[in-house]
Structures are given as C-alpha cells and as structure tokens.
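Results of the structural survey
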Amino acid sequence: MSFNAERFISEKIEELRREIGGAKAFAATSGGVDSTVSAVLAHRAIGARLTVGFLDDGLMREGEPEAVVSRLRGMGLNAKLYDVREPFFRALKGLTDPEEKRKAFREAFYRTLSETARKEGAEYLVQGTIAADVLETKGGVKTQHNVLDQIGIPSFKEYGFKVLEPLVTLLKPEVRLVGERLGLPKDMYGRRPFPGPALALRVIGEITPERVETVRKATKIVEEGTQDLECFQAFAVLLNDRATGVVNGKRRYGEIVVIRAVDSKDALTASPTKMEWGRLEAIRDRILREIPSVIKVLYDLTPKPPSTIEYI
C-alpha cells in the first residue's frame, strides 16, 4: 500500500494532541528535515504549549544555530537558542573510539536536554527519530544519539520525560513527503541530512574546539562547492593522521581532509557521487587556500556497505 502523507499528518497530529493532553512539550531541533518535521507536527497539535529548542553544542555548521532559530520563529514556532557548548566538549574530551564518542554525545545530549526542557516546564520531548536510526542502532551498525527506549534505555526513568517520536515508522523519502505536505519550503524538506551529533561525527580522533573549527570551515567549502549537485549528502571529514607536505620550499606536516559525497534514497545503502574532476579540484583548492593547516585533500569512493555514510 502506498504511503498517504495527508492521512499520516492528520493521524499524528491527533495522536500527539491526545498523548500530550494539556501539558507542555519540548521539541529538540537541529534544523534538519526529521527534527523540523516533528516540531511542526507537534506545533500543529498543541500550538504555544510547544517550545522548539536548538541546543548549540559548539558542533554545528557556521552560523547555523542563529539561522535555524530565526527561520523557525518566522514560521510562527516558539523557537529558542540555548548555549550548551561546555558540557558537550567536556563529555567528549579525550575520547577517540567512535562508539564511545557516540554514546558520550547521547548522554550529554539527553542530560542537557532534560535540564533545558524542565526549565521550560515541559513534560514531553518530541524528537525526529526515524526508522533508519532505530534499525542501525539495534542492528549494531552504529549508535544513533536519538534512540533510547528501543534499546532498553527507559527515557522516563533515566531522564524524567516521555519521548514522543512521530516519525519513527518512516524512512527519509516519506519524511520529506510529509514535510512537503505540511507546506514547508523545499529547501527545508529537501535539505541534505545532517547528523544529530553534527561535526562530532566528522572529526576522527579527539574532538577539540580547534579541530571542530577546521572541519567546520572545510564543511562550508564542500557544501558551497556542491550546492547545485544532486546528491544525498556532501561533507568534509578531518582525519586523525597527518601527512608531509612542501610549502614555500619547506617541509611541513599538515592535516588531512576527506571530501565525502554519496547518492542514496533511504540512507541504508549509498554509492559515491560521480563528481566531475574540475569540481573536485575547485573544492580542493579552496580548502588548501583557506585552511592553511591542511596539507592533503582526498575524495572518498567507498559505497555503503561496507562503509557507513558518516565516518564515526
């Protein structure tokens, strides 16, 4: 049976209205498709009793926190920005193992989120978990930060609120269709995916503010260089190793940035985007010119599987 987005929207709004009752709710959003669609559904259900929160963990893209909050406010949502960088960098300090970093981020996310939501008087958390998040976490592929109850972590007992996940049965194409039917602009419902742990997934090795800033700059360059390209995701990754280079005739040991672009429909499988050489050269040249610490730029040709789309 084909997916009926209009029926789904009507049913989920009524479901959220029934579950939340007369209480307040808090929707955590990063500006991505999943969390934005969830927030809009909850807003349609309970209106001003919903606070839409953007947790600025210091791991987002350049200018993103302010831009997302401003846009959501322009849509009539009660959106607020919270500066929570310190607890996240403290939780991630010294960690290099991918799963340890993912789990540390999840713990910092929910601890910070629960404290913030309680200050707003919220009893419920609305979040944009989708089916792929649960499948990958339960399947042991990688820990998604927004999966709790499905893997035996009781959200109410651990963090003091009930989690509502209106999109948890959907895959990305269906979420986009729901966003379209909700009347969201195409650049919102069609936006490329961006992970909840954000740039933390794109720094191999220890996560520090300085290393995040490097990958933030590289990410901006990659995204701007591929904005007219039809692909599922395109981003930059900072490796932990270093490479030898020659600058002004002198040997220099510098950082390595990887460009990653993939084609996919549901994020469960993906193939590398066949990007023309001239585009890659232009992106490479900007990275080397604008980020002097980088000495080598690579392009990732690996499909999923065996690779995941992200690096951590």
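Residues numbered from 1 in each chain as written. Predicted model: local features only at pLDDT ≥ 70, side-chain atom pairs only at ≥ 80, totals over all residues. Heavy atoms only, no water.

A short note on the overall build of the chain
The line we're drawing: What counts as a helix is a DSSP run of H or I of at least four residues, what counts as a strand is a run of E of at least two, and both are numbered from the N terminus. It is over C-alpha atoms that the radius of gyration is taken, and the globule rule equals 2.2 Å times the number of residues to the power 0.38. Under the scheme applied here, a residue whose accessible area is under 20% of the maximum for its type counts as buried, over 50% as exposed, and between as partly exposed, the area being computed with a 1.4 Å probe on protein chains only.
Looking only at helices and strands, the chain has 11 helices and 9 strands in total. Since a compact globule built from 312 residues should have a radius of gyration of about 20 Å, the 20 Å found for the chain is in line with a globular shape. Along the first, second and third principal axes, the C-alpha atoms of the chain reach 70 × 40 × 40 Å. Counting all 312 residues of the chain, 55% fall into the buried class.

Re helix H2 (residues 33-46)
What counts, and what does not: In a helix, the anticipated span is given by 1.5 Å times the number of residues less one.
With 14 residues, H2 should reach 20 Å at 1.5 Å per residue; the first-to-last C-alpha distance of 20 Å fits that figure. Of all 14 residues that make up H2, 12 are buried, and the element is covered over most of its length. Among the residues of H2, Val33, Asp34, Ser35, Thr36, Val37, Ser38, Ala39, Val40, Leu41, Ala42, Ala45 and Ile46 are the ones counted as buried.

Here's the deal with helix H4 (residues 85-92)
Note the cut-off: The arc in question is the one spanned by the directions pointing from the helix axis to the C-beta atoms. By definition in these notes, contact holds between two residues if any of their heavy atoms fall within 4.5 Å.
Phe88, Phe89 and Leu92 are the residues of H4 that are buried. One face of H4 carries all of its buried residues, which in axial projection span an arc of 95°. Every exposed residue of H4 that faces more than 90 degrees away from the buried side is listed here: Glu86 and Arg90. Where H4 is buried, its residues touch helix H5 (98-119) and helix H10 (209-225). Positioned one or two residues after H4, Gly94 has a phi angle of 80°, which is positive.

Description of the pattern of salt bridges
Operational definition: Salt-bridge detection follows one rule: a side-chain nitrogen of Lys or Arg within 4 Å of a carboxyl oxygen of Asp or Glu.
Inspection of every chain in the model, using the stated rule, returns 24 salt bridges. As a salt-bridge pair, Arg90 and Glu86 come within 2.4 Å of each other at their nearest N and O atoms. Of the two residues, Arg90 and Glu86 both sit in helix H4, 4 residues apart, roughly one turn of that helix. Considered together, Arg90 and Glu86 belong to a single accessibility category, that of exposed residues. Here Glu213 and Arg216 are joined by a salt bridge, their closest N and O atoms 3.0 Å apart.

Regarding the environment of Lys162
The topology assignment puts Lys162 in strand S5 (residues 162-164). The exposure class of Lys162 is partly exposed, given its relative accessible area of 42%. Each C-alpha atom of the pair Lys162 and Leu95 lies 30 Å from the other, and the pair is 67 residues apart in sequence.

Thoughts on the sheet that holds S5
Definition in use: We call two strands paired when DSSP finds no fewer than two bridges between them. Throughout, an axis means a line fitted to C-alpha atoms (over the contacting stretch in the case of helices), and angles, computed between N-to-C directions, take values from 0 to 180 degrees.
In spatial order, the strands read S3-S2-S1-S4-S5; together these 5 strands make up an open sheet with parallel pairing. If you trace the sheet from one side to the other, it starts and ends with strand S3 (79-83) and S5, each paired once. Direction aside, the axes of adjacent strands within the sheet are offset by 30° on average. The pairing of strand S4 (residues 124-126) with S5 spans 3 bridges and is classified as parallel. Residue pairing across strands places Leu125 opposite Val163, the latter belonging to S5.

So, the side chain of Arg260
How we decide: Any pair of N or O atoms that falls within 3.5 Å is considered a polar contact. Within protein, one atom must be able to donate a hydrogen and the other to accept it, and sequence-neighbouring residues count only if both atoms are side-chain atoms.
Here Arg260 shows up in strand S7 (residues 250-263). Accessibility expressed as a relative area gives 0% for Arg260, which makes it buried. For Arg260, the side chain forms a polar contact with the main-chain oxygen of Thr302, separated by 2.6 Å. What Arg260 contacts, discounting residues up to four positions off in sequence, is Gln233, Ala234, Phe235, Asp300, Thr302, Ser307, Thr308, Ile309 and Tyr311.

Side note on the side chain of Gln233
Tracing the chain through its elements places Gln233 in strand S6 (residues 233-247). We classify Gln233 as buried; its relative accessible area is 5%. Among all residues touching Gln233, those that are not within four sequence positions of it are Arg192, Pro193, Arg202, Arg260, Ala261, Val262, Ile309 and Glu310.

Thoughts on the layout of surface pockets
Quick reminder of the rule: The definitions used throughout rest on a 1 Å grid laid over the protein atoms alone, on which a cavity is an enclosed set of points accommodating a 1.4 Å probe that cannot get out and a pocket is an open set flanked by protein within 12 Å on both sides along at least five of seven lines; lining residues are those having an atom within 4 Å of a point. Grid points are joined across faces, edges and corners, and a volume is the space filled by probe spheres set on the points. Residues are grouped as follows: Ala, Val, Leu, Ile, Met, Phe, Trp, Tyr, Cys and Pro are nonpolar; Asp, Glu, Lys and Arg are charged; every other residue, Gly included, is polar.
Here the largest pocket defines a volume of roughly 1,000 Å³. The wall of the largest pocket is formed by 37 residues, among which Arg61, Asp187, Gly190, Arg191 and Arg192 lie closest to the centre. Elements that contribute at least two residues to the lining of the largest pocket include exactly helix H3 (64-74), helix H8 (172-181), helix H9 (186-189), H10 and S6. Ranked by residue count, the leading element in the lining of the largest pocket is H10, at 5 residues. Residue classes in the lining of the largest pocket are distributed as 12 nonpolar, 7 polar and 18 charged.

So, to be careful, I would describe these as geometric facts and stop short of saying anything about function.
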